[in-house]
Amino acid sequence: MEDLIPNTGNYKNLLTYQKSDVIFQITYYFCATYLNNGDRTIDQMVQAARSGKQNIIEGCAASSTSAKTEIKLINVAKASLKELLEDYEDYLKTRNHRQWQKGSIEYETMRQLGRQHNDAEFFMKLIVTRPPQTIANMAIILINQADYLLFRQLQRLSKDFIDNGGFSERMSRLRRDKRGY
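Everything in this summary refers to the structure shown in the same document. Since the structure is predicted, the reported quantities are computational estimates derived from the model, not experimental observations.

Right, let's talk about the packing of helix α1 (residues 15–34) against helix α5 (residues 120–127) for a bit. Packed helix pairs are specified by the crossing angle of their axes together with the interaxial distance, meaning the distance between the axes. Their axes nearest at 9 Å, the elements α1 and α5 cross at an angle of 30 degrees. Relative to α5, α1 is oriented roughly parallel. Remark: the crossing between α1 and α5 carries right-handed chirality. Contacts between α1 and α5 pair Asp21, Val22, Gln25, Ile26 and Tyr29 from the former with Ala120, Phe123, Met124 and Ile127 from the latter.

As structure tokens, then:
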């Protein structure tokens, strides 16, 4: 029999969460190391990175009783990471650093690393040996990958809702089944 409140699993297994955790840790390091104390951008970047990660957690936690809340929070995570993306792009532009372009060796190498690894420890070992413009470019690629994964997650959540309904429909279905209707 179907459970009224299903166990929705562990958010730490989601690729979107893992990638957003890497992005948060890179961003925290980047801001603490390369931005000037008192710069409002530090708080904005760290909070955007944190929001990306935390809204995935909150959306996952809400999923057992509210598909609507889950979808909204996953979309907030996506929006927060888009804001962070712009901050990294602004960092490169305002300091006359080159942003890696699709097809360049750096871009394609990082893109491949982003596909192969989702653990912060791997990336942090790389980050501490790189200059700030390289870290910003690495973060941009990871954010774009997370954005794509979040888009796919939203598509899947939408399809699941359309196919299976939400909590209210599950409640009604279980009640009808119990009564034998």
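Turning our attention to the packing of aromatic side chains. One pass over the full model with this rule turns up seven aromatic pairs. Put simply, the rings of Tyr29, Phe30, Tyr34, Tyr88 and Tyr91 pair up and form one aromatic cluster.

Moving on: the packing of helix α2 (residues 40–62) against helix α3 (residues 67–94). The geometry of α2 relative to α3 is characterised by a closest axis approach of 8 Å and an angle of 165 degrees between their N-to-C directions. In terms of orientation, α2 and α3 fall into the roughly antiparallel class. For the element pair α2 and α3, the recorded crossing hand is left-handed. Packed against α2, whose contacting residues are Gln44, Met45, Ala48, Ala49, Ser51, Gly52, Asn55, Ile56, Glu58, Gly59 and Ala62, the element α3 presents Thr69, Glu70, Leu73, Ile74, Val76, Ala77, Ser80, Leu81, Glu83, Leu84, Asp87 and Tyr88 at the interface. A class-by-class count of the residues in the contact of α2 with α3 yields 12 nonpolar, seven polar and four charged.

Parameters at a glance
Residues numbered from 1 in each chain as written. Predicted model: local features only at pLDDT ≥ 70, side-chain atom pairs only at ≥ 80, totals over all residues. Heavy atoms only, no water. Axes fitted to C-alpha atoms, helices over the stretch in contact; angles between N-to-C directions. Helix = DSSP H or I, 4+ residues; strand = E, 2+ residues; numbered from the N terminus. Parallel < 35°, antiparallel > 145°, perpendicular 65-115°, else oblique. Left-handed = near helix turned anticlockwise from the far one by under 90°. Contact = heavy atoms within 4.5 Å. Phe/Tyr/Trp six-rings, centres within 6.5 Å; stacked < 30°, edge-to-face > 60°. Nonpolar A, V, L, I, M, F, W, Y, C, P; charged D, E, K, R; others polar.

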